[in-house]
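Residue strings, one per chain:
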Protein chains: 2
Amino acid sequence: MGEHITIAVDAMGGDRAPGEVVDGVVEAAREGGIRLVLTGNREIVEKYISDRKLSTAGIEIVDAPEIIDMSESPASAIRRKSRSSIAVAMRLHREGKVDAVVGAGNTGAMVAGSLLSLGRLPGIKRPAIAIYVPTRREGTILLDGGANSDCEPYNLLQFAIMGSVFAEEFLKRSKPAVGLLSIGEESSKGNELTRNSHQLLARSNLNFIGNMEGRDVFKGDVDVVVTDGFVGNVVLKFMESIISYINSMIKEEMRRYPISRLGALMMKPVFSGLHSALNYEEYGGAPLLGVNGVVFIGHGGSSRRAVKNAVLASRRFVESGINEKIRSKMEKRAGDHEE
Amino acid sequence: MGEHITIAVDAMGGDRAPGEVVDGVVEAAREGGIRLVLTGNREIVEKYISDRKLSTAGIEIVDAPEIIDMSESPASAIRRKSRSSIAVAMRLHREGKVDAVVGAGNTGAMVAGSLLSLGRLPGIKRPAIAIYVPTRREGTILLDGGANSDCEPYNLLQFAIMGSVFAEEFLKRSKPAVGLLSIGEESSKGNELTRNSHQLLARSNLNFIGNMEGRDVFKGDVDVVVTDGFVGNVVLKFMESIISYINSMIKEEMRRYPISRLGALMMKPVFSGLHSALNYEEYGGAPLLGVNGVVFIGHGGSSRRAVKNAVLASRRFVESGINEKIRSKMEKRAGDHEE
């Protein structure tokens, strides 16, 4: 598809699809230098576009009438529904017709579809979702954010390698510091997985700074936080909820103290600064590192802004050559750290 | 020691010991109806008391010159240092000289000391730290908060049983709803531990409502959240840090918008309401459920207020007869659910 980078977006993925997804794609197309392919039910997508008289310059629609919903078992759904919006987008990527896939639907189906269509980078046992977490200093990459609920130490080592390359190439950190999420700083503390992973990481040539605790994540002392996908996902969902919990508590307290409402008005720029710092929309989506392609997974609640930012991030990822760097790191280590 | 309930407090435990601990104990003693035993370095404790001319009515000091610090390996330290403030307090409890132990020092040493001196309730394989988490509705009990970093499904079942009894007797919830912390609501989602634990919990006669996600904790829909001590501890420390992170962000944003400072002044009661709702001092300490005794573990940063509240909570625990109820629940299930 020419010199432009081409990105497929799952038009049906996410709680606010297709509307917010299509709007986000239209906004991304306006930035120029990028072609977009919307996969999804052509009729629904075209009707949405024509009802709103949206410009489709640079946007192609590829019909994919099946939908994988959030409650379906990912692996079987992706096999069964070969005409689903996720499966079609992945196929376009495998065939080289697009350079990246962005989707905010069923995370498990995005992972399963990536593995089935694209496969893994050589030597990588499991891909990992790399989430950007805002911190007091610069942001931190936390992985795995939920692709693998049971992990072995060599998985965590590979997450650390991939996360380091990503932090170096995408966030421009030199010698990214890697921390292992555990419960106690000493290498002897933690569970069996973290104790064994600690040893592997300490022997690696990564800039491994040791164990870190839940309370250290926001300090921003490390560039990469490594954990299994179960812990990573629990923590991320917890993080999301605490923000809305604090918001709701502030509102409740404000009802009791009327003068505080005037105060809140004066503090509006403060709250909006806080909101944007903690808002996942700014980061748009999280790359699935370790697959032989470029896949960005968006938050289920993705708005047009989140979709647009995910598209732009996936373009940067394609341009960065991160996968080639992961590939060459893995080649250097070939044969080591197998099960 | 008479009709009063007697509680031993580790005078040397916590970052602010002995000062804040002694102050908290003095305040608790003032409430009446309670005797207190401070275990620790007699010289240091007596000097602190005499320097401040504190009243020692109802307070006894038992000399325990050794200290287990935060970085020591808990199990070996507790064995090696039989004259440490934790070991002495536990021994007083085993000998029936006190009814409960409160300590804010090395958590692992508190757990190891409890197991060594008091042992477990019949049938209980592993004790668990039950943490009170404030929510949008009433609070929730989360366990295990960090006593066991690797768990088996029957451990989680026992945590659920103990947590239910605690929620019923201590928080006065009838038929406490139990949720299993996982990553996805379906029973098929999660890691190996949660999938297998889900089956055990579903077959139990607990009021098990199924899996819950990190984002559900603050909703307060359940009375008891069950998880392994690794995940529980990561989440709790993460929760603590996000509050100070948000505080620091608000302060930083305020520097950029001077008028917001006036707003902040007007919002002061709102912030202080928020602070007290999220402040662990209000809850003082967390019970170690499953040991054959009453042990409350305080936060390492415990203030006098936290110490006092932990003492009062441990008294309520003694009076509640929770251990007898756990014992009888376990007898009914005797022989089942072993490894």
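Whatever comes next refers back to the structure up there.
For clarity, every value in this text was computed on a predicted model and none was experimentally measured.

Of note, Ser302(A) is situated in the loop between strand E12 (295–298) and helix H11 (304–320). What makes Ser302(A) buried here is its relative accessible area of 5%.

This part covers the sheet that holds strand E10 (residues 224–226) of chain B. Residues and elements named next belong to chain B. Within the open sheet, the five strands sit side by side as E6-E7-E10-E8-E9. Their pairing is mixed. Of all the strands in the sheet, just strand E6 (131–133) and strand E9 (207–212) have a single pairing partner and so form its edges. Neighbouring strand axes in the sheet, compared pairwise and without regard to direction, differ in orientation by 30 degrees on average. On the sheet, helix H6 (residues 153–169) packs against strand E7 (140–143), strand E8 (177–181) and E10 and is oriented at approximately 165 degrees with respect to E10.

Residues and elements named next belong to chain B. Two elements, E8 and E9, share five bridges in a ladder whose sense is parallel. Each residue of the ladder has a partner; that of Val178, found in E9, is Phe208. In terms of handedness, the path from E8 via helix H7 (residues 192–203) over to E9 forms a crossover that is right-handed.

Throughout the structure, instances matching the rule amount to 32 salt bridges over all chains. Close ionic contact of Arg304(A) with Asp23(A) constitutes a salt bridge, the shortest N to O distance being 3.0 Å. Remark: Asp23(A) occurs in helix H1 (residues 19–30) and Arg304(A) occurs in helix H11; sequence separation between them is 281 residues. Asp23(A) gets classed as buried once you look at its relative accessible area, which sits at 8%. Note that Glu213(B) is salt-bridged to Lys237(A), the shortest N-O span being 2.4 Å. Here Glu213(B), found in the loop between E9 and E10, pairs with Lys237(A), found in helix H8 (residues 229–256), and the two come from separate chains. Both residues of the pair, Glu213(B) and Lys237(A), count as buried. Overlapping salt bridges, with partners in common, bring together Glu20(A), Asp23(A) and Arg304(A) in one network.

This part is about the environment of Arg94(B). All names here are of chain B. Tracing the backbone through its elements, the reader meets Arg94 in helix H4 (residues 85–94). Exposure remark for Arg94: the relative accessible area of 48% places this residue in the partly exposed category. If near-sequence neighbours (up to four positions away) are discounted, Arg94 is found in contact with Ser117 and Leu118.

How big an interface is tends to be reported as the loss of accessible area on association of its parts. Listed per partner, the contact involves 57 residues of chain A and 57 residues of chain B. Taken over both partners, the interface formed by chain A and chain B buries close to 5300 Å², and the fraction arising from carbon and sulfur atoms is 75%. It is Phe230(A), Phe238(A) and Tyr245(A) in chain A that bury the most area against chain B; as a group they hold 14% of the surface buried on that side. Joining chain A to chain B, the criterion identifies four salt bridges. Connecting chain A to chain B are six residue pairs in polar contact (both at pLDDT 80 or more). Listed by contribution, the elements that provide at least two residues to the side of chain A that touches chain B are helix H7 (192–203), H8, helix H9 (259–266) and helix H10 (268–278) of chain A. By residue class, the composition of the side of chain A that touches chain B is 30 nonpolar, 16 polar and 11 charged.

Attention now goes to the relation of the copies chain A and chain B. The transform that puts chain A on chain B rotates by 180 degrees and translates by 0.1 Å along the axis, for an RMSD of 0.1 Å. On the angle and the small slide along the axis, the relation comes out as a two-fold axis. Taking C-alpha positions as the reference, the residue of chain A nearest the rotation axis is Gly263(A), at 1.7 Å.

Note on sheets: strands pair through backbone hydrogen bonds, and any given pair is parallel or antiparallel. Residues and elements named next belong to chain A. The mixed open sheet is built from seven strands, whose spatial order is E3-E2-E1-E4-E12-E11-E5. With partners counted over all chains shown, the strands left at the sheet margins are strand E3 (59–63) and strand E5 (128–129), one partner each. Examined bridge by bridge, strand E4 (residues 100–103) and E12 share three bridges and lie parallel to one another. Across the sheet, Val101 pairs through a bridge with Val295, a residue of E12. Packing against the sheet, helix H2 (residues 42–51) makes contact with strand E2 (34–40) and E3, and its axis sits at approximately 150 degrees to E3. Sheet strands touched by helix H5 (residues 107–117): E4, E5, strand E11 (285–289) and E12. Its angle to E12, the strand with the most contacts, is close to 170 degrees.

We now examine the pairing of strand E8 (residues 177–181) of chain A. All names here are of chain A. Within E8, five of the five residues are buried, leaving the element largely enclosed by the surrounding structure. Neither face of E8 is exposed, since Ala177, Gly179 and Leu181 on one face and Val178 and Leu180 on the opposite face are all buried. Strand direction decides the pairing type here: E8 and strand E10 (residues 224–226), joined by three bridges, are parallel. Residue pairing across strands places Leu180 opposite Val226, the latter belonging to E10.

Thresholds, definitions, all that
- Residues numbered from 1 in each chain as written.
- Chains lettered and ligands numbered in written order.
- Predicted model: local features only at pLDDT ≥ 70, side-chain atom pairs only at ≥ 80, totals over all residues.
- Heavy atoms only, no water.
- Helix = DSSP H or I, 4+ residues; strand = E, 2+ residues; numbered from the N terminus.
- Buried < 20%, exposed > 50% of the residue type's maximum accessible area, 1.4 Å probe, protein only.
- Pairing = 2+ DSSP bridges.
- Axes fitted to C-alpha atoms, helices over the stretch in contact; angles between N-to-C directions.
- Contact = heavy atoms within 4.5 Å.
- Right-handed = clockwise from strand over helix to strand, strands pointing away.
- Salt bridge = Lys/Arg side-chain N within 4 Å of Asp/Glu carboxyl O.
- Buried area = accessible area lost by both parts, 1.4 Å probe.
- Polar contact = N/O pair within 3.5 Å; in protein donor to acceptor, adjacent residues only side chain to side chain.
- Nonpolar A, V, L, I, M, F, W, Y, C, P; charged D, E, K, R; others polar.
- Least-squares fit on C-alpha atoms with pLDDT ≥ 70 in both.

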